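Inside the fold
Read off the chains here:
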Amino acid sequence: TSRKYYKERSPKINVLELEKGHIKFELKGTDLTTANTLRRIMIAEVPTLAIEFVEIFSNTTVLHDEFLSHRLGLIPLDSREAKRMNFPQDCYCKTGCSKCQVVYEMDVKNTSDENRDVTTRDLQCVGNNSTWPVHTDEHDAIVLVTLGKRQELKFRAIATKNIGKEHAKWIPVAVATFQIDPIVKINEGVMDNLTAAQQKSFAKSCPSKVFKYVEDRGVTVVDNRKCVYCRECLYWSEDRTDVNEVEDLEDLVSIEQSTDTFIFTVETTGVLPPEEIVKQSLDILRGKLREIESAIQGIEQKHSG
């Protein structure tokens, strides 16, 4: 019989905010190591598309070829089809195909006397592929270079599937952070010994507005999650001389960190919807855990046999 060396948990996710490029959610019922693993997977292991190879035919701009190629590699590309594509090293083709790469072309020449901006709107996708740059609207297109009179730029670029662990251009998020859920408690017995003016002063000491003074009720905790662990409320009594006679003042408020609840904030670069990044990250994490479980079972069978 296999022995259990762990305590079973049932993690849950509760979405708090969801916008076009932003998601905020609560991860509950797990520990700090799992939360940080999920954060690192979102940054480094969710596959996306980015330009990897550039063949420049003509470049008379002020930017040299290497500089321009680097800028092209950092263009966010719509990567919703990436999970159905192959990694280049895993594809059965030898020279590249539609299942492992996306081809782009650009051929722009400035024939006017005015300067002309070359943007992601000028990047043309070759073949029946819908993987366009994220920023192609006139108001948010990314400027690659500015062409002077009679300057031109012509190249062919190939985008491939990969992960942020290989290079930062494949990272799908601009922000992926979490805060340990704060637990803020007021000692009502000590608080009742303060005057109304002192209670108001205490409530105002928090820059994040965690506390609120209410007539006939005193100081209450409005929202634990506004706490940023600045500890200003703990330092409040140190700068005051009118509270010296209050007993147990050091126990007025306590701030602790939850051991099983974490608040995630994720902002995307636009290559994937934020909820898709979270879903794929969870799938990748499950896959890693299955590999570990399989390896442990293999070791146990070897020793029992």
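The structure contained in this document is the topic of the report that follows. (Residues numbered from 1 in each chain as written. Predicted model: local features only at pLDDT ≥ 70, side-chain atom pairs only at ≥ 80, totals over all residues. Heavy atoms only, no water.)

With that out of the way, let us pick up the pattern of salt bridges. On inspection of all chains with the given rule, the structure shows 12 salt bridges. Ionic pairing is found between Lys-165 and Glu-45, a salt bridge with its closest N-O pair at 3.6 Å. Here the residue Lys-165 occupies a position in the loop between β8 (152-162) and β9 (173-186), and Glu-45 occupies one in the loop between α1 (32-44) and β3 (48-59), the gap between them amounting to 120 residues. With a relative accessible area of 18%, Glu-45 lands in the buried category. Among the ionic pairs, Asp-181 bridges to Arg-225, the shortest N-O distance being 2.8 Å. Taken as a pair, Asp-181 in strand β9 and Arg-225 in the loop between β11 (218-221) and α5 (232-235) lie far apart in primary sequence, 44 residues in all. For Asp-181, a relative accessible area of 12% puts it in the buried group. For Arg-225, a relative accessible area of 31% corresponds to the partly exposed category. (Salt bridge = Lys/Arg side-chain N within 4 Å of Asp/Glu carboxyl O. Helix = DSSP H or I, 4+ residues; strand = E, 2+ residues; numbered from the N terminus. Buried < 20%, exposed > 50% of the residue type's maximum accessible area, 1.4 Å probe, protein only.)

The contact between α1 and helix α6 (residues 274-304) brings their axes to 9 Å, and the two run at 115°. For the pair α1 and α6, the crossing hand works out as right-handed. For the pair formed by α1 and α6, the contact residues are Thr-34, Thr-37, Leu-38, Ile-41 and Met-42 on the first element and Ile-277, Val-278, Ser-281, Leu-282, Ile-284, Leu-285 and Lys-288 on the second. (Axes fitted to C-alpha atoms, helices over the stretch in contact; angles between N-to-C directions. Left-handed = near helix turned anticlockwise from the far one by under 90°. Contact = heavy atoms within 4.5 Å.)

With that settled, the discussion passes to the side chain of Glu-276. Structurally, Glu-276 is set in helix α6. With relative accessibility at 18%, the residue Glu-276 sits in the buried group. A distance of 3.1 Å separates a polar atom in the side chain of Glu-276 from a polar atom in the side chain of Lys-83. (Polar contact = N/O pair within 3.5 Å; in protein donor to acceptor, adjacent residues only side chain to side chain.)

A positive phi angle, near 65°, is found at Arg-150, a position not held by glycine. Tracing the backbone shows Arg-150 in the loop between β7 (143-147) and β8. We classify Arg-150 as exposed; its relative accessible area is 61%. Of note, Arg-231 is a non-glycine position whose phi angle comes to about 70°, a positive value. As for its placement among the helices and strands, Arg-231 is situated in the loop between β11 and α5.

On to the sheet that holds β9, then. Each strand in a sheet pairs with its neighbour through backbone hydrogen bonds, running either in the same direction (parallel) or in the opposite one (antiparallel). Taken together, 4 strands build an open sheet; the order of strands is β1-β2-β12-β9 and the sheet is antiparallel. The sheet terminates laterally at β1 (12-19) and β9, the two strands that pair on one side only. Strand-to-strand twist in this sheet, taken as the mean axis angle between neighbours without regard to direction, amounts to 25°. The pairing of strand β2 (residues 22-28) with strand β12 (residues 253-268) spans 7 bridges and is classified as antiparallel. Within the sheet, the bridge partner assigned to Phe-25 lies in β12 and is Phe-264. (Pairing = 2+ DSSP bridges.)

As a further point, take helix α2 (residues 65-73). Every buried residue belonging to α2 is among Leu-68, Leu-72 and Gly-73, and all of these are buried. Looking down the long axis of α2, one finds its buried residues gathered within 140° of arc, a one-sided arrangement. Seen from the open side of α2, the exposed residues pointing more than 90 degrees away from its buried face are Glu-66 and His-70. Contacts from the buried residues of α2 go to β3, β7 and β8. (Arc of directions from axis to C-beta.)

Once that is clear, we can look at the layout of surface pockets. Volume-wise, the second largest pocket comes out at about 350 Å³. As for the second largest pocket, its lining consists of 15 residues, of which Lys-20, Asp-78, Val-134, Gly-270 and Val-271 are closest to the centre. Residues that form the lining of the second largest pocket fall into these classes: 5 nonpolar, 5 polar and 5 charged. (1 Å grid on protein atoms, 1.4 Å probe; cavity = no way out; pocket = protein on both sides within 12 Å on 5 of 7 lines; lining within 4 Å. Points joined across faces, edges and corners; volume = space filled by probe spheres on them. Nonpolar A, V, L, I, M, F, W, Y, C, P; charged D, E, K, R; others polar.)

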